Amino acid sequence: MDIIEHDRLLIIDFGSQVTQLIARRLREQNVFCEILPYQIVTDDVLAEMAPKAVILSGGPDSVTREGSPRAPESLWTMGIPVLGICYGQQVMMEQLGGKVLGGKNTGGGGTAEFGRAYVTPTEERIDLLAGWFLGEKEQAWMSHGDHVAKLAPGFKVYGTSPNAPFAVTADLERNFYAVQFHPEVHHTPNGPTLFENFVRLAGFTGDWTMEAYKDIAIEKIREQVGDKQVICALSGGVDSSVAAALLHEAVGDQLTCVFVDHGLLRLNEADEVVAMFRDHMNLKVIHADEVDLFLGELEGQSDPETKRKIIGRLFIDVFQKYANEIEGAEFLAQGTLYPDVIESVSFSGGPSVTIKSHHNVGGLPEKMGLKLVEPLRELFKDEVRALGHELGLPSSFIGRHPFPGPGLAIRCPGEITREKLEILRKADAVYIDQIRRHGLYDEIWQAFVAILPVRTVGVMGDGRTYDFACALRAVTSVDGMTADYYPFSHEFLGETATRIINEVPGINRVTYDITSKPPGTIEWE
Ligand code: XMP
């Protein structure tokens, strides 16, 4: 059964780290789109999907390399608009009879260009660029080693940059557009206009909303799960809460939630979460106290990836244990989000690079005996919140800052001990209380304390102290993929440091982490 009645746009993923941002820009235009890795988009798949338009993503490969990815040939004769971005642009040129030169590292002598660049329009303005050039030139984000040296027949240049003479090109006759830069990233500030123009000229009406997404997600879950039992991992975060609510709406009592207390939760969190799900949402919830198991296996481990892998593995073990007790349980539901997926493996198995193995993706054994349901896999954080609203979850819960699956383990760099966790919980509670008291909670995307694996000397009263140092983290972000530190006032920081040191035994030094992402990550591990 085809449950999607909306016009759809297909994004062919060539493995760029930011492909999902293209989907995001399109959803902002209320356009339904799907991302598929290039490997599975054959001529048949393309014909069956019958997209109203196609976007070709960027990617790490070089079209000059033999065997490098291509778009299916039938794409060029379907009569639909196509937009090629970066690698997608080069694929388009190569397949349609143009010429791409490799960058210096591929021996082709091409001109690499990374970071901010300015695109200048040529004389003739096209619909794709309507309202895009606000001044004489427009900022765009480049990230390419290769470049187009000769346009394919039918194409003309409509924008240039110092190192990309073919920054914007198009074959207006065939509705093919190609840009060398990345209009999907925030550093191309006017990028959304370009997508808006593209979907408008492709004839989309913008009828795709979160309500529609919810209905389709529910249908997909029902189709996948049938009359089988589902067991859902609750972590205490917004993601798993929304996933549970969605599953509950889709399959009702077939869902049993398991809340694993791995001893890495925040102060009072376990009781609060269980109460909220049982009382407010009427879900079946098992409260699994597995603190000794997790902390026991983590003892003596200080390597971040090892810690993540242990937690991931134990999660699966624990779920299997509880799943075995639920008759007919065949599915394991998780609130995995797109940022978790993209940093572990590229979307749908494409070729991008591993930064961290997020526990709800990386730690899965091949044969876990349960099939996965991941209904939020394509969503960004703020979209999950919108979905939560749609599902009627309380605003106070939806507004909570994200909390990672491995919990406090990744906020306790180095070895985890019960003592450190105890201190960390108290410090975190004071910090969040400070943020709330100052009315800053909703302005901040995520805030937490990390306890550092170092003791420092201090003086309190007349005595010497030798206690832990901690770092405060607070970031602004849209989707967790990039982030900046929150600019607290000095008064706030000073007051918070004083409160933490006074109220939390075991900490005698407080620092503020002012690293953005990239180059840092939000969590410390
Ligand atoms: P990083 O540290 O990668 O974090 O910049 C980005 C966002 O993801 C959260 N995070 C995780 N969430 N499982 C999760 O469910 C994980 O293993 C994990 N690691 C990081 C992090 O809290 C931030 O919101």
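Parameters at a glance
Residues numbered from 1 in each chain as written. Predicted model: local features only at pLDDT ≥ 70, side-chain atom pairs only at ≥ 80, totals over all residues. Heavy atoms only, no water. UniProt positions renumbered as here; feature names shortened; annotations may be inferred. Helix = DSSP H or I, 4+ residues; strand = E, 2+ residues; numbered from the N terminus. Buried < 20%, exposed > 50% of the residue type's maximum accessible area, 1.4 Å probe, protein only. Contact = heavy atoms within 4.5 Å. Domains from an automatic or database assignment. Buried area = accessible area lost by both parts, 1.4 Å probe. Salt bridge = Lys/Arg side-chain N within 4 Å of Asp/Glu carboxyl O. Polar contact = N/O pair within 3.5 Å; in protein donor to acceptor, adjacent residues only side chain to side chain. Nonpolar A, V, L, I, M, F, W, Y, C, P; charged D, E, K, R; others polar. Pairing = 2+ DSSP bridges. Axes fitted to C-alpha atoms, helices over the stretch in contact; angles between N-to-C directions. Core = buried A, V, L, I, M, F, W, Y, C linked by side-chain atoms within 4.5 Å. Phe/Tyr/Trp six-rings, centres within 6.5 Å; stacked < 30°, edge-to-face > 60°. Lys NZ or Arg CZ within 6 Å of the ring centre and 35° of its normal. Parallel < 35°, antiparallel > 145°, perpendicular 65-115°, else oblique. Left-handed = near helix turned anticlockwise from the far one by under 90°.

A. Expanded view of the UniProt feature "binding site: ATP" (unreviewed entry) in the protein chain. Per the UniProt record, "binding site: ATP" (unreviewed entry) is annotated on S235, G236, G237, V238, D239, S240 and S241. Inspection of the secondary structure puts G236 in the loop between β12 (229-234) and α6 (238-251). You can call G236 buried: its relative accessible area is 1%. In contact with G236, other than residues within four places in its own chain, are F259, R266, E269, V273, F397 and R400. Mapped onto the elements of the fold, S241 is located in helix α6. Among residues more than four places away in sequence, those in contact with S241 are L234, F277, M281, L393 and F397.

B. Layout of the domain arrangement of the protein chain. The domain architecture assigned to the protein chain consists of domain 1 (7-201), domain 2 (210-398) and domain 3 (417-512). Computed from C-alpha atoms alone, the centre-to-centre distance between domain 1 and domain 3 is 44 Å. Each partner contributes to the interface: domain 1 provides 4 residues, whereas domain 3 provides 4 residues. Here domain 1 meets domain 3 over a buried area of about 320 Å², counting both sides, of which 61% is carbon and sulfur. On the domain 1 side of the contact with domain 3, L21, R24 and H186 bury the most area, a combined 78% of that side's loss. For the pair domain 1 and domain 3, the number of links is 0 salt bridges. Between domain 1 and domain 3 we count 0 residue pairs in polar contact (both at pLDDT 80 or more) in total. In terms of residue class, the side of domain 1 that touches domain 3 is made up of 1 nonpolar, 2 polar and 1 charged.

C. Just the sheet that holds strand β11 (residues 176-179), in detail. The strand order across the open sheet built from 9 strands is β2-β1-β3-β4-β11-β10-β9-β6-β7, with neighbouring strands paired in mixed fashion. Since the sheet does not close on itself, it has two edges, and those belong to β2 (32-37) and β7 (138-144), each with one partner. The sheet shows a mean angle of 25 degrees between the axes of neighbouring strands, direction not considered. Set on the sheet, helix α4 (residues 191-201) makes contact with β1 (8-13), β3 (53-56), β4 (82-85) and β11; between it and β4 the angle comes to about 155 degrees.

D. Region of interest: the nonpolar core. Counting 100 residues, the largest nonpolar core has L264, F277, L376, Y431, I435, F488 and I500 as its most contacted members. Here this core gathers at least three residues from each of two domains, domain 2 (210-398) and domain 3 (417-512). I35, A117, I126 and L129 belong to the second-largest nonpolar core, a separate cluster that totals 36 residues.

E. Spatial organisation of the packing of aromatic side chains. What the rule picks out here adds up to 15 aromatic pairs. Their ring planes at 65 degrees and their centres at 4.6 Å tell us that F32 and W208 sit as a pair that is edge-to-face. Of this pair, F32 sits in strand β2 while W208 sits in the loop between α4 and α5 (210-225), and the two are 176 residues apart along the sequence. Accessibility expressed as a relative area gives 5% for F32, which makes it buried. Arranged with centres 6.3 Å apart and planes meeting at 80 degrees, the rings of Y485 and Y512 form a pair that is edge-to-face. You can see Y485 sitting in strand β19 (residues 483-485) and its partner Y512 sitting in strand β20 (residues 507-512), a full 27 residues away along the chain. Among the aromatic side chains, those forming a connected cluster through ring pairs are Y431, Y485, Y486, F488, F492 and Y512. Over the aromatic face of F403 sits the side chain of R266, whose NZ or CZ is 3.8 Å from the ring centroid. Lying across the ring of F397, R400 places its NZ or CZ 4.9 Å from the centre.

F. Inspection of the packing of helix α8 (residues 291-298) against helix α9 (residues 304-325) at higher detail. The geometry of α8 relative to α9 is characterised by a closest axis approach of 10 Å and an angle of 150 degrees between their N-to-C directions. For the element pair α8 / α9, the angle class is roughly antiparallel. Judged by the sense of rotation from one axis to the other, the crossing of α8 with α9 is right-handed. On α9, the residues touching L293, F294, E297 and L298 of α8 are K307, I310, I311, R313, L314, F315 and V318. Looking at the contact of α8 with α9 residue by residue, the class counts come to 8 nonpolar, no polar and 3 charged.

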